[in-house]
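Descriptive structure summary
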Amino acid sequence: MRMQRSLIYDISGEELKNVVVELGESSFRADQILDGVYIKRARAFSEIMNIPKGLRIKLDERFIVDPLTVKDISSSTDGTQKILFELQDDHHIESVVIPERDDRYTLCLSTQAGCMLDCAFCATGKLKFGRNLQAAEIIAQLIDSERITGKKITNIVYMGMGEPLLNYEETIKSLNILTEGKTKLIGKKRITLSTVGVLPEMVRFRNDNPGVKLALSLHATTDEQRQKIIPIARKYKLRDLLDELELFYKKFRDPITFEYILFNDFNDSDEDVKRLSKICRAFPSKVNIIPYHQSNIKTGSIDLKSTRKMEIERFSNKLRSSGTNVFVRDSSGLDINAACGQLALSVQNNDT
Ligand code: SF4
């Protein structure tokens, strides 16, 4: 009977050296395997021809190279592509590839199958929580997205399905492997981890961060407002989150990003502009304004609506004139429901 196989992308360069020596080979073979898997993008050990056949067979007995199966790809007229993956235990996750200016591509990747936090505006929160992803399943989203789209991913945001800091160990492990020199996958400063504000894990992350940037899904400028759409905001107050972000900034000196989904008549008033610009003045930061993709997901007792384009411009211009760095995201992938979780939600609904 074949033993339960581990995932090769879960293993750091150093750990791989130990495995290779355990298998009776010289440690330099580890570099050849890393080169085969990460640089040449082998999808099976049999494709790595510069290592002995015996080692290829032993590796194949112990490890799986790619743990993801592509189930669906949707392409938007604006170039955004959403990929639905199936995990080996039949859970589903999504990754979204978003074209930016100058031939750059941002990958929005998932860290959990489903999410426990149930934010009012989010399709993922409506999914039953499945499980935390392993680091390998996070890393494979980058490798597979590049293979499927044929594009070089230049930036990654940990902002897809799930709250990355609630899958703490595997998120940190994936960041370390993605950015370690030997995999040559992506530079640290090209990665942003986005949290909805899990304070104790943010403190931990300040200590363990391999050097990536941090974003807070802010979406509202008072505790009262935030608590209406982000249940975990009842536990962690905005003042404490902002104090922690300031400490993070002082340690890494990278501007903090505030994600701000604009909802009509909820968080788009002149008072919101004032409070938001005050928040942004405390330390170097920028605001990403994200148009809300109104969909047929149930938003609980609160009725969340999209803000019209003109209003988005008015809000952003006011914020800009207060001296805040503002970036307005296009409605990427509006026609393919690219708000994360929507495709997986429809699969889960079909399965139940
Ligand atoms: S917004 Fe993020 S934290 Fe909130 S439910 Fe969705 S995936 Fe979870």
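In what follows, the structure referred to is the one given above.
An account of the accompanying structure is given in this report. (Residues numbered from 1 in each chain as written. Predicted model: local features only at pLDDT ≥ 70, side-chain atom pairs only at ≥ 80, totals over all residues. Heavy atoms only, no water.)

**Some thoughts on the packing of aromatic side chains**
To be explicit about the condition: Stacked, edge-to-face and tilted are the three classes for Phe, Tyr and Trp ring pairs, Trp counted by its six-membered ring, which pair at centre distances within 6.5 Å; planes under 30 degrees apart are stacked, over 60 edge-to-face, the rest tilted. Note on conventions: DSSP H or I runs of at least 4 residues are helices, E runs of at least 2 residues are strands, and numbering of each starts at the N terminus. The classification of residues rests on relative accessible area computed with a 1.4 Å probe and restricted to protein chains. Under 20% of the type maximum is buried, over 50% is exposed, and intermediate values are partly exposed. Only Lys NZ and Arg CZ are tested; either one counts as a charge over a ring when it is within 6 Å of the ring centre and within 35 degrees of the ring normal.
Under the definition given, this model contains eight aromatic pairs. With a centroid separation of 5.7 Å and an interplanar angle of 15 degrees, the aromatic rings of Tyr-260 and Phe-315 are classed as stacked. Residue Tyr-260 is located in strand β12 (residues 256-262), and its partner Phe-315 is located in helix α10 (residues 309-321); the two are separated by 55 residues in the primary sequence. Here Tyr-260 matches Phe-315 in class, with each residue buried. An aromatic cluster is present here, built from Phe-121, Phe-263, Phe-266 and Tyr-292 joined pairwise through their rings. For the cation-ring pair, Arg-204 lies above Tyr-168, with the distance from its terminal atom to the ring centre recorded as 3.9 Å. The ring of Phe-327 is capped by Lys-286, whose NZ or CZ atom sits 5.9 Å from the centre of that ring.

**Notes on the site of the ligand**
Short version of the rule: Note on terminology: near, applied to a residue and a molecule or strand, indicates that one of the residue's heavy atoms is within 4 Å of it. Side-chain classes are defined by residue name, with Ala, Val, Leu, Ile, Met, Phe, Trp, Tyr, Cys and Pro counting as nonpolar, Asp, Glu, Lys and Arg as charged, and the others, Gly among them, as polar.
All residues in the neighbourhood of the ligand are listed as Cys-115, Leu-117, Asp-118, Cys-119, Phe-121, Cys-122, Thr-124, Gly-125 and Gly-162. Residue composition of the shell around the ligand, by class: five nonpolar, three polar and one charged.

**Details of the nonpolar core**
Counted only if it meets this: In plain words, nonpolar cores are sets of buried Ala, Val, Leu, Ile, Met, Phe, Trp, Tyr and Cys residues tied together by side-chain atoms within 4.5 Å. In what follows, a contact means two residues having at least one pair of non-hydrogen atoms within 4.5 Å.
If you look at the biggest cluster of nonpolar residues, it comprises 102 residues, and the most contacted ones within it are Tyr-9, Ile-156, Phe-205 and Phe-258. Broken down by element, the residue count for this core peaks at seven residues, all from helix α8 (residues 238-252). Dropping the residues within four chain positions of it, Phe-258 is found in contact with Leu-216, Leu-218, Leu-242, Leu-245, Ile-279, Cys-280, Phe-283, Ser-285, Lys-286, Val-287 and Asn-288.

**As for unusual backbone geometry**
Phi angles above zero are rare outside glycine, and Asp-102 is one such case at about 55 degrees. Within the secondary structure, Asp-102 sits in the loop between β5 (92-99) and β6 (105-109). On the basis of relative accessible area, Asp-102 is assigned to the exposed category, the value being 69%. A positive phi angle, near 55 degrees, is found at Asp-118, a position not held by glycine. Along the polypeptide, Asp-118 turns up in the loop between β7 (112-113) and β8 (131-132).

**A look at the packing of helix α9 (residues 270-281) against α10**
Put simply, the test is: Where helices are involved, their axes are fitted lines through C-alpha atoms of the stretch in contact, as for all axes, and angles between N-to-C directions lie from 0 to 180°. If an angle is under 35 degrees, it is roughly parallel; if it is over 145, roughly antiparallel; if it lies from 65 to 115, roughly perpendicular; otherwise it is oblique. Here a crossing is called left-handed whenever its near helix is offset anticlockwise from the far helix by less than a right angle, and right-handed whenever the offset is clockwise.
Remark: α9 packs on α10, axes separated minimally by 10 Å, with the N-to-C direction vectors making an angle of 40 degrees. Accordingly, the angle class assigned to the pair α9 and α10 is oblique. Here α9 and α10 pass one another in a crossing that is right-handed. Residues Asp-270, Asp-272, Val-273, Leu-276 and Ser-277 of α9 pack against Arg-314, Phe-315, Lys-318 and Leu-319 of α10. Of the residues belonging to the contact of α9 with α10, the class tally is four nonpolar, one polar and four charged.

Everything listed is a geometric property; what it means functionally is a separate question.
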